[in-house]
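Okay, here's what each chain looks like letter by letter:
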Amino acid sequence: MAVKFSNNATSTLAASINTTVTSISIQSADAAKFPTLAAGDWFPITLVDSAGNTEIMRCTARTGATLTVTRAQEGTTAKSFVAGSRVDLRLTAAAINEVYSVAFDASNLNTGTVPNARITGAYDGITTLGQTGLHTITTEGEAIRLVGSATGDPYFTFYKGTVRQAYIQHVDGTGANQGLVLLNDVATGGDTRLTLLNSGGVGGLEYTVNGTEYTVYHTGNLSISTGAGGNTLAQRDSSGDVHARLFRSEYDTTNATVGYIMTQINTGTDNFIRPSTPAQVAAALGPILTADKVETNVSGEFTPTAGGLITWAHGLGAKPSMIDAFMICKTADNGWAVGDEIGPLSNIVTYADRWVGYVIWADATNVYCRVQNNSSGNYVFPAIVTKSTGGPVYATATSWRLKFKVRK
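The notes below deal with the structure included here. Just so it is clear, the model here is predicted, and its values are computed rather than measured.

**Focus on the overall build of the protein**
Regarding its fold elements, the protein presents 2 helices and 26 strands. Out of the 408 residues in the protein, the part that is buried amounts to 26%. Pairs at least 24 apart in sequence give 48% of the contacts found in the protein among residues at least 6 apart. Carbon and sulfur atoms form 53% of the exposed surface of the protein, whose accessible area is close to 26,200 Å².

**Looking at unusual backbone geometry**
Cis geometry is adopted by the peptide bond preceding proline 344, which originates at glycine 343 and carries an omega value of -5°. The backbone of asparagine 334 shows a phi angle near 50°, a positive value even though the residue is not glycine. Within the secondary structure, asparagine 334 is located in the loop between strand S19 (322–329) and strand S20 (341–342). A relative accessible area of 28% means that asparagine 334 is categorised as partly exposed.

**Focus: the side chain of asparagine 297**
Tracing the sequence through the fold places asparagine 297 in strand S17 (residues 296–298). Within the structure, the side chain of asparagine 297 is placed 2.8 Å from the backbone oxygen of histidine 314, a separation counted as a polar contact. In this structure, asparagine 297 is in contact with Trp312, His314, Gly315, Leu316, Phe404, Lys405 and Val406, ignoring residues within four places of it in sequence.

**Regarding the nonpolar core**
Soluble globular proteins tend to pack their nonpolar side chains together in the buried interior. By size, the foremost hydrophobic cluster in this structure holds 26 residues, and its most contacted members are Met327, Cys369, Phe381, Trp400, Leu402 and Phe404. Where this core is concerned, the elements lending two or more residues are strand S18 (309–313), S19, strand S22 (354–362), strand S23 (366–371) and strand S26 (400–407). When residues in this core are grouped by element, the largest group, 4 residues, is from S26. When near neighbours in sequence (up to four residues on either side) are disregarded, cysteine 369 contacts Gly308, Leu309, Ile310, Tyr358, Val359, Ile360, Leu402 and Phe404. Of all hydrophobic cores here, the second largest spans 19 residues; its members include Ala31, Leu37, Phe81 and Val87.

**As for the environment of asparagine 8**
Relative to the assigned elements, asparagine 8 resides in the segment before strand S1 (10–12). According to the relative accessible area criterion, asparagine 8 is exposed, its value standing at 68%. Separated by 80 residues in sequence, asparagine 8 and aspartate 88 place their C-alpha atoms 8.3 Å apart.

**Considerations on the sheet that holds strand S8 (residues 163–170)**
Taken together, the 6 strands give an open sheet; going across it, the order is S7-S8-S9-S10-S11-S12, and neighbouring strands pair in antiparallel fashion. Edge positions in the sheet fall to strand S7 (155–160) and strand S12 (212–215), since each of these pairs with one other strand and no more. The sheet shows a mean angle of 20° between the axes of neighbouring strands, direction not considered. As defined by bridge partners, strand S9 (residues 179–184) adjoins strand S10 (residues 192–197) across 6 bridges and the pair is classed as antiparallel. Residue leucine 182 lies in a different strand from S10, and its bridge partner there is leucine 194.

**Focus: a nonpolar patch on the surface**
On the surface, a cluster of nonpolar side chains totalling about 1,100 Å² of accessible area is made up of Ile137, Ile144, Leu146, Phe156, Phe158, Ile168, Leu180, Leu182, Leu194, Leu196, Tyr207 and Tyr214. Secondary-structure elements contributing two or more residues to the nonpolar patch are S7, S9 and S10. Residue position: isoleucine 144 is located in the loop between helix H1 (93–103) and S7. Its relative accessible area of 51% is what places isoleucine 144 among the exposed residues.

**Focus on the pairing of S18**
On S18, burial follows the alternation: Ile310 and Trp312 on one face are buried, whereas Leu309, Thr311 and Ala313 on the facing-out side are not. One ladder, built from 5 bridges, connects S18 with S23; its direction is antiparallel. Paired with threonine 311 across the bridge in S23 is tyrosine 368.

**Some remarks on the pairing of strand S5 (residues 66–73)**
Bridge count between strand S2 (residues 23–25) and S5: 3 bridges; the pairing is antiparallel. Looking at the pairing, serine 25 lines up with threonine 66 of S5. Inspection of the sheet shows strand S4 (residues 54–63) paired to S5 by 6 bridges, in the antiparallel sense. Of the residues in S5, the one forming a bridge with arginine 58 is threonine 70. The hairpin formed by S4 and S5 contains 2 residues between the paired strands, and glycine 64 there has a positive phi angle of roughly 60°.

**Considerations on the sheet that holds S1**
Sheet strands line up and pair through hydrogen bonds in the backbone, either parallel or antiparallel. Here we have 6 strands laid out as an open sheet, ordered S1-S6-S3-S4-S5-S2, and antiparallel in their pairing. Lying at the two open borders of the sheet, with one neighbouring strand each, are S1 and S2. With strand direction ignored, the average angle separating the axes of adjacent strands in the sheet is 35°.

**A few points about the pattern of salt bridges**
For the coordinates displayed, the defined rule picks out 9 salt bridges. The partner of aspartate 88 in a salt bridge is arginine 90, and the shortest N-O contact between them spans 3.0 Å. Note that arginine 164 and aspartate 185 form a salt bridge whose closest N and O atoms lie 2.5 Å from each other. Residue arginine 164 is found in strand S8, and its partner aspartate 185 is found in the loop between S9 and S10; the two are separated by 21 residues along the sequence. Members of the salt-bridge network, linked through shared partners, are Arg86, Asp88 and Arg90.

About the criteria used
- Residues numbered from 1 in each chain as written.
- Predicted model: local features only at pLDDT ≥ 70, side-chain atom pairs only at ≥ 80, totals over all residues.
- Heavy atoms only, no water.
- Helix = DSSP H or I, 4+ residues; strand = E, 2+ residues; numbered from the N terminus.
- Buried < 20%, exposed > 50% of the residue type's maximum accessible area, 1.4 Å probe, protein only.
- Contact = heavy atoms within 4.5 Å.
- Areas by Shrake-Rupley, 256 points an atom, 1.4 Å probe, with all protein chains shown as cover.
- Polar contact = N/O pair within 3.5 Å; in protein donor to acceptor, adjacent residues only side chain to side chain.
- Core = buried A, V, L, I, M, F, W, Y, C linked by side-chain atoms within 4.5 Å.
- Pairing = 2+ DSSP bridges.
- Axes fitted to C-alpha atoms, helices over the stretch in contact; angles between N-to-C directions.
- Patch = residues over 30% accessible without salt bridge, like charges linked within 9 Å, V, L, I, M, F, W, Y side chains within 5 Å.
- Salt bridge = Lys/Arg side-chain N within 4 Å of Asp/Glu carboxyl O.

No statement about biological role is implied by the geometric values presented.
This is the structure in structure tokens:
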């Protein structure tokens, strides 16, 4: 809510009012002289008649020349006024007090820019200061100072919502974890901290995980050698070689691993090798083990007919080096169940002094199968045996399908 003003806002009543109305009308030509109000805004008006009677009102809304008012303000009494009485926007005590209170109310300093003159000099006595957004401090010297008591150790904290994530603190003393501390509260496995110890020296950097202290090794506290010793930190010699007794993933005198296939990871300045993954080994040895682009394709299922020709585009791009035919059971037959696969099959099979079968050949594009032409439908398939007894029988033609497998 804010009080609004405008210069030279004066008019007269367009109609008489009694002591209870809360809406008054002024001259239409004068309406624009008075402020436009948003929700919660207001401005003071003073009504004066020819006899000198006055009443201060608070206008809380204006629609054109119609003003919504609260009567009898600031110690005045509601009165009746005749048309033509003056209506003035005058500076009143309530309006001045509101402007003053808003200007000096720190809770209202939540938007906008505060002039430099308002923040020069020392601001003492602030106990809690909240801010959102970026705070930039430009200085060539000390920017922020935390001052604790003679025994206190103040610190900077980092929060996500109400949960502390980390802090930076200087802890007095010369023992473990005493010095300049960077601590992560939410690290997996317990808090972690890195401390520049007050004791200093080459051992003055300490790393702690969930209360357990670890020494941080570096060139100041670890032996470095260009020799062949395997228990020291190695570095390159003048020829660029690194000398060490053994490179392996773990130190174990009973290591049963016969050996590794190693893979070069990077060929740049940070070149190194490590044991290969199964996928890397397969990628490297695949062409060798498959004898130069060996490829196998399998057809779908075909229904042969007596004397018919089956044609299948094998997709190898060259004449196959091997062709196999298989029978797939589609309806249970002679002990064979649906889905059983028999093969690979011979081209010609004899049974009961009859010959039945088919001939298979191929070119660079297709596999062809010419089925025997015979009046008996069962002769389109080779003879089979009963699955449970081994007795020879003819396959029921409608119960089986053919499929082919080729290799490049």
